[in-house]
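Geometric and topological summary
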Amino acid sequence: MFNRVSLLVIFYLCVACSFSCAWDIGNYKVEITLNKDGSFVVTEEIDADFGYESKHGIYRDIPTRYRDENGHLYNVRFNTLGVWDENRNRREYFEENNSNYKRIKIGSPDWTVSGRQTYVITYSVIGAILFLPDHDELYWNAIGSQWAVNIDHVRVSLYLPEAVSKESLKIATFTGRQGSRTSNAASEIVSDNLIIFMGENYLPYEGFTIVVGVPKGILMPSESYSSHEEKSPVGPWALLIPV
């Protein structure tokens, strides 16, 4: 009887694990191109493996209205530029505008996919730079803490709008669950306008945040952008859900 009970417990544990870990992300690459006016363009390349499961695609939710830790309200302007596969073939997608986030529904309701799938999403962002008296700062959750899957490898590349000396840059990373102030990541200043952040083996609900401070004068926000000065934005979390 003991052996039978033990086997049943193991069986149900394995079944539970199979449901919770039914798919994962092998590589998550993010490329951020920061413009002189403080806007930036983000390209995300997500290599998902659905295994034997059949999915129509994914949802990608990005907040456009949120409050920071000090209670300041932000209205981030967000625009989807396109969605592709690894061969630059356009993927079908639809957008839904909600009160405080935009949903990108990638995939077709008419057919399903399985196995390894690559999703390349490009979008532009305005309103997520912190302008301080002594420097300007990008604080961005490149990978949010809402993912319910393992992420094996992360690489974030940040391109600055012009050359900046290594000594004048302020760089930090935070990884882990929401609110974490620890870091399981590495960074490298590759050139005077390129910074790379890397990490691996992230568990479900562990995010990846980058912080980069640049000297005053590198970014010159437009007049319409100035209303965001001296507010501390929290970069939007990213949520991807298979459907």
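Let us look at the structure shown here. Model, not experiment: these values are computed from the prediction. (Residues numbered from 1 in each chain as written. Predicted model: local features only at pLDDT ≥ 70, side-chain atom pairs only at ≥ 80, totals over all residues. Heavy atoms only, no water.)

**Quick look at the environment of methionine 198**
- Relative to the helices and strands, methionine 198 resides in strand E15 (residues 194-202).
- Sequence spacing of methionine 198 and lysine 29 is 169 residues, and the spatial spacing of their C-alpha atoms is 9.4 Å.
- With residues up to four places along the chain from it excluded, the contact list for methionine 198 reads Val154, Arg155, Ala185, Ala186, Glu188 and Phe208. (Helix = DSSP H or I, 4+ residues; strand = E, 2+ residues; numbered from the N terminus. Contact = heavy atoms within 4.5 Å.)

**A word on the pairing of strand E9 (residues 116-126)**
- Where burial is concerned, most of E9 is hidden: 8 out of the 11 residues are buried.
- Relative to E9, strand E6 (residues 77-84) runs antiparallel, the two sharing 7 bridges. Across the sheet, threonine 80 pairs through a bridge with tyrosine 123, a residue of E9. (Buried < 20%, exposed > 50% of the residue type's maximum accessible area, 1.4 Å probe, protein only. Pairing = 2+ DSSP bridges.)

**Quick look at the pattern of salt bridges**
- Scanning the entire structure with this criterion turns up 7 salt bridges.
- The closest approach of N and O atoms between glutamate 162 and lysine 36, which form a salt bridge, is 2.5 Å. With glutamate 162 in the loop between strand E12 (151-159) and strand E13 (170-176) and lysine 36 in the loop between strand E1 (24-34) and strand E2 (40-49), the pair connects residues that are 126 residues apart, well separated along the chain.
- Since its relative accessible area comes to 32%, lysine 36 is described here as partly exposed.
- Between lysine 170 and aspartate 134 there is a salt bridge, with the nearest N and O atoms lying 4.0 Å from each other. One end of the pair, lysine 170, is in strand E13; the other, aspartate 134, is in the loop between strand E10 (129-131) and strand E11 (135-143), with 36 residues separating them in the sequence. (Salt bridge = Lys/Arg side-chain N within 4 Å of Asp/Glu carboxyl O.)

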